[in-house]
Amino acid sequence: MNLQVAMQGGDRITKQRNLFLVLTIALSITSGALSLKILAQEERIIMVPPLSSEVMISNRKVSSGYLEQMTMVFLNSLLDLSAADVLHKRDMILKYTSNSDQSFSKKINEYFADSLEKYKNFDLVTYFTVKNMEIDEAQGEVIAHGILTSRYGKHGFESNPTSYRLSFEFSGGYLRLKEFNQVVSDKEQKDNKQEPKGELVK
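Computed from a predicted structure; not experimentally measured.

Q: Is there a simple way to think about the side chain of glutamate 169 in this case?
A: Turning to its location among the elements, glutamate 169 is positioned in strand 4 (residues 157-171). For the buried glutamate 169, no salt bridge is present, and the opposite-charge side chain at shortest range is lysine 178, 4.7 Å distant. Here glutamate 169 is in contact with Ser98, Ser100, Tyr174, Leu175, Arg176 and Lys178, once residues within four sequence places are set aside.

See the structure below:
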């Protein structure tokens, strides 16, 4: 009787051990498949800077500190460009472009379409260094003054002082871009007609 009980106990242990082995193999296969899927995926993460000031000042307006910090984020995608990332940055900007007027997204699309052609043709890489900003909290507008550096492949680079205006609106819980354009003074327009700004350095 004791032997029979012992044999039955041994059978149960063997079955449990086999079941455990099957489960272990299945989990290993699942884990391996998940790892391969993660490695195959290409994820792009947008880093939003930590906020050092109050965001909202009313139900439709944001603080100057928030405008300043988000302007830096938008400028990175609008001006720090190469032929390889123009389309990706266009898509990021369009996600946060105002849809209150169709002309806003149309102009952004035109800007990046022109940029793609130019950056490919000249093997161009640019980045913008902000020096200071003029912030109109009431209107949701920012003028960023700084230096735009352009590198033309192996043909050298040039750096030009320039300014850009960005206008925003707060909608759907997000700060959205309405317009983006270069600020050109009357003097700069005259200078552009006479000679190119900046000096190409090799």
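Q: Explain the nonpolar core here, please?
A: Among soluble globular proteins, nonpolar side chains are generally buried collectively. Phe74, Leu78, Leu166, Phe168, Leu177 and Phe180 are the most contacted members of the largest nonpolar core, which totals 28 residues. For this core, the secondary structure elements donating two or more residues are helix 2 (64-79), helix 3 (86-95), helix 4 (102-121), strand 2 (124-136), strand 3 (141-152), strand 4 and strand 5 (174-183). With 7 residues, the single largest contributor to this core is helix 2. The residues touching leucine 177, leaving out its near neighbours within four places in the chain, are Phe74, Leu78, Ile93, Tyr96, Thr97, Ser98, Ile108, Leu166, Ser167 and Phe168.

Q: Even after reading the chapter, I still don't get the pairing of strand 4, so can you show me in this structure?
A: For a regular strand, the rule is simple: side chains alternate between the two faces of the sheet. Both strand 3 and strand 4 contribute to a ladder of 11 bridges, which runs antiparallel. Opposite arginine 151, over in strand 4, you have phenylalanine 157 as the bridge partner. Between strand 3 and strand 4, which pair antiparallel and follow one another directly, the connecting turn spans 4 residues, one of which, glycine 153, has a positive phi of 55°. Here strand 4 pairs with strand 5 via 9 bridges, running antiparallel. Counted as the bridge partner of serine 163 is valine 183 from strand 5. If you look at the hairpin formed by strand 4 and strand 5, you'll find 2 residues sitting between the two strands, and glycine 172 has a positive phi there, around 60°.

Q: In this structure, what is going on with the packing of aromatic side chains? I would like to understand it.
A: In this description, a pair of aromatic rings is defined by centroid distance and the angle of the planes. Under the defined criterion, the tally for this structure stands at 7 aromatic pairs. Considering the side-chain rings of tyrosine 111 and phenylalanine 112, the 5.1 Å spacing of their centres and the 75° angle between planes classify their relative orientation as edge-to-face. Given the relative accessible area of 23%, tyrosine 111 is considered partly exposed. Taken together, the ring pairs in this structure connect Tyr111, Phe112, Phe128, Tyr164 and Phe180 into an aromatic cluster.

Q: Before we go on, may I ask you to explain the packing of helix 2 against helix 3 in this structure?
A: Two quantities define a packed helix pair, namely the angle between the helix axes and the distance between the axes. The interhelical angle for the contact between helix 2 and helix 3, taken along N-to-C directions, is 145°, at an axis separation of 8 Å. Two packed elements cross with a definite hand, and for helix 2 against helix 3 that hand is left-handed. Counted together, Phe74, Asn76, Ser77 and Leu78 of helix 2 and Lys89, Met92 and Ile93 of helix 3 form the full contact between these two elements. Tallied by class, the residues present in the contact of helix 2 with helix 3 amount to 4 nonpolar, 2 polar and 1 charged.

Q: Could you clarify how one ought to interpret the pairing of strand 3 in this entry?
A: Sheet analysis places strand 2 next to strand 3, joined by 12 bridges and oriented antiparallel. Across the sheet, valine 125 pairs through a bridge with arginine 151, a residue of strand 3. With antiparallel pairing between neighbouring strands as the criterion, strand 2 and strand 3 make up a hairpin whose turn holds 4 residues, including glycine 140 at a positive phi of roughly 70°.

Q: Where do I start with the sheet that holds strand 2 in this structure?
A: Within a sheet, neighbouring strands are paired by backbone hydrogen bonds and run either parallel or antiparallel to one another. The strand order 1-2-3-4-5 describes an open sheet built from 5 strands, whose pairing is antiparallel. What marks the edges here is a single partner per strand, and that holds for strand 1 (81-82) and strand 5.

Q: What is the right way to look at the pattern of salt bridges in this model?
A: A side chain with one charge can pair with a side chain of the opposite charge if their charged atoms come near. For the structure shown, the criterion picks out 3 salt bridges. When the shortest N-O distance is used, the salt bridge between glutamate 179 and lysine 107 registers 3.5 Å. Here glutamate 179, found in strand 5, pairs with lysine 107, found in helix 4; they are 72 residues apart in sequence, far enough to count as distant. Residue class for lysine 107 comes out partly exposed when judged on its relative accessible area of 45%.

Rules used in this analysis
- Residues numbered from 1 in each chain as written.
- Predicted model: local features only at pLDDT ≥ 70, side-chain atom pairs only at ≥ 80, totals over all residues.
- Heavy atoms only, no water.
- Helix = DSSP H or I, 4+ residues; strand = E, 2+ residues; numbered from the N terminus.
- Buried < 20%, exposed > 50% of the residue type's maximum accessible area, 1.4 Å probe, protein only.
- Lys, Arg positive; Asp, Glu negative; His and termini not counted.
- Salt bridge = Lys/Arg side-chain N within 4 Å of Asp/Glu carboxyl O.
- Contact = heavy atoms within 4.5 Å.
- Core = buried A, V, L, I, M, F, W, Y, C linked by side-chain atoms within 4.5 Å.
- Pairing = 2+ DSSP bridges.
- Phe/Tyr/Trp six-rings, centres within 6.5 Å; stacked < 30°, edge-to-face > 60°.
- Axes fitted to C-alpha atoms, helices over the stretch in contact; angles between N-to-C directions.
- Left-handed = near helix turned anticlockwise from the far one by under 90°.
- Nonpolar A, V, L, I, M, F, W, Y, C, P; charged D, E, K, R; others polar.

Geometric descriptors of this kind do not, in isolation, establish any biological role.
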